[in-house]
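Structural overview
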Amino acid sequence: MLAKSPLNSLYPTSVLKSADEFFDAMDAVLKNGAIEEKEAHLIALGTAAATKCKYCIPYHLAEAKRLGATEEEIKTAVLIASDVLRMSTLLYGNDYDLAEFKKLLSGN
């Protein structure tokens, strides 16, 4: 398993096989899922930026660029993620009523 990916060393041996199978399944979702691969990496890049994952950002940025993502698409993905995080922080931090929020969304 380590020859397949050095990242497999992060898992205890008791779950190594299932962790490797999960990694393969997620790789398939990125490459052949319901969302085009470039867009999947842009989503992952935005998520990585919002969660400040110093490992995920360079990977998904490189993959998005390899797949033809433009600087504008990259900036847009990161901006969308930052806005979701901003609004989540504002709503959660101010204990905004969820039922009231859902009423806003439905127009009632």
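Conventions adopted
- Residues numbered from 1 in each chain as written.
- Predicted model: local features only at pLDDT ≥ 70, side-chain atom pairs only at ≥ 80, totals over all residues.
- Heavy atoms only, no water.
- Helix = DSSP H or I, 4+ residues; strand = E, 2+ residues; numbered from the N terminus.
- Rg over C-alpha atoms; globule rule 2.2 N^0.38 Å.
- Buried < 20%, exposed > 50% of the residue type's maximum accessible area, 1.4 Å probe, protein only.
- Contact = heavy atoms within 4.5 Å.
- Areas by Shrake-Rupley, 256 points an atom, 1.4 Å probe, with all protein chains shown as cover.
- Lys, Arg positive; Asp, Glu negative; His and termini not counted.
- Charge placed at Lys NZ, Arg CZ, Asp CG, Glu CD.
- Salt bridge = Lys/Arg side-chain N within 4 Å of Asp/Glu carboxyl O.
- pLDDT = per-residue confidence, 0-100.

1. Quick look at the overall build of the protein chain
Secondary structure assignment for the protein chain yields 5 helices and 0 strands. Written out in order from the N terminus, the α and β elements of the protein chain read α-α-α-α-α. Taken against the 2.2 N^0.38 rule, which gives 13 Å for 108 residues, the C-alpha radius of gyration of the protein chain at 18 Å runs more than 25% over that of a compact globule. Overall size of the protein chain, expressed as C-alpha extent along the three principal axes, is 55 × 35 × 25 Å. For the protein chain, the proportion of its 108 residues judged to be buried stands at 21%. In the protein chain, of all internal contacts separated by at least 6 residues, the share reaching a separation of at least 24 is 40%. On the protein chain, roughly 8200 Å² of surface is accessible, and the fraction owed to carbon and sulfur atoms is 64%. Of the side chains in the protein chain, 12 bear a positive and 15 a negative charge, and the two mean positions are spaced by 4 Å.

2. Looking at unusual backbone geometry
The residue Lys 52 is not glycine, and still its phi comes out positive at about 60°. The class of Lys 52 is exposed, set by a relative accessible area of 66%. A positive phi angle is found at Asp 95, which is not glycine, with a value near 50°. Examined against the element boundaries, Asp 95 turns out to sit in the loop between α4 (71–93) and α5 (98–106). Given the relative accessible area of 67%, Asp 95 is considered exposed.

3. As for the environment of Ile 57
Structurally, Ile 57 can be placed in helix α3 (residues 56–66). Taking the C-alpha atoms as reference points, Ile 57 and Asn 32, separated by 25 residues in sequence, lie 21 Å from one another. Once you skip the residues sitting within four places of it in the chain, Ile 57 turns out to touch Leu 45, Ala 48 and Ala 49.

4. A few points about the pattern of salt bridges
Within the structure shown, the criterion is met by 9 salt bridges. Of the charged contacts, one joins Lys 4 and Asp 24 as a salt bridge, the two residues approaching to 2.6 Å between their closest N and O atoms. With Lys 4 in the segment before α1 (16–32) and Asp 24 in helix α1, this pair connects stretches of sequence that are 20 residues apart. Taking the relative accessible area as the measure of exposure, Asp 24 reaches 33% and is therefore partly exposed. The shortest N-O distance in the salt bridge between Lys 17 and Glu 21 comes to 2.4 Å. Separated by 4 residues within a single helix, Lys 17 and Glu 21 lie in helix α1, roughly one turn from each other. Taking the relative accessible area as the measure of exposure, Lys 17 reaches 54% and is therefore exposed. By relative accessible area, Glu 21 is classed as partly exposed at 43%.

5. Some points on the environment of Thr 13
Tracing the sequence through the fold places Thr 13 in the segment before α1. In the structure, Thr 13 is positioned 12 residues away from Met 1 in sequence and 9.9 Å away in space, judged by C-alpha atoms.

6. Comments concerning the confidence of the model for the protein chain
Residue-level pLDDT values for the protein chain average 95, and 99% of them are 70 or greater. Per-element averaging of pLDDT across the protein chain places α1 at the bottom with 93 and α3 at the top with 98.

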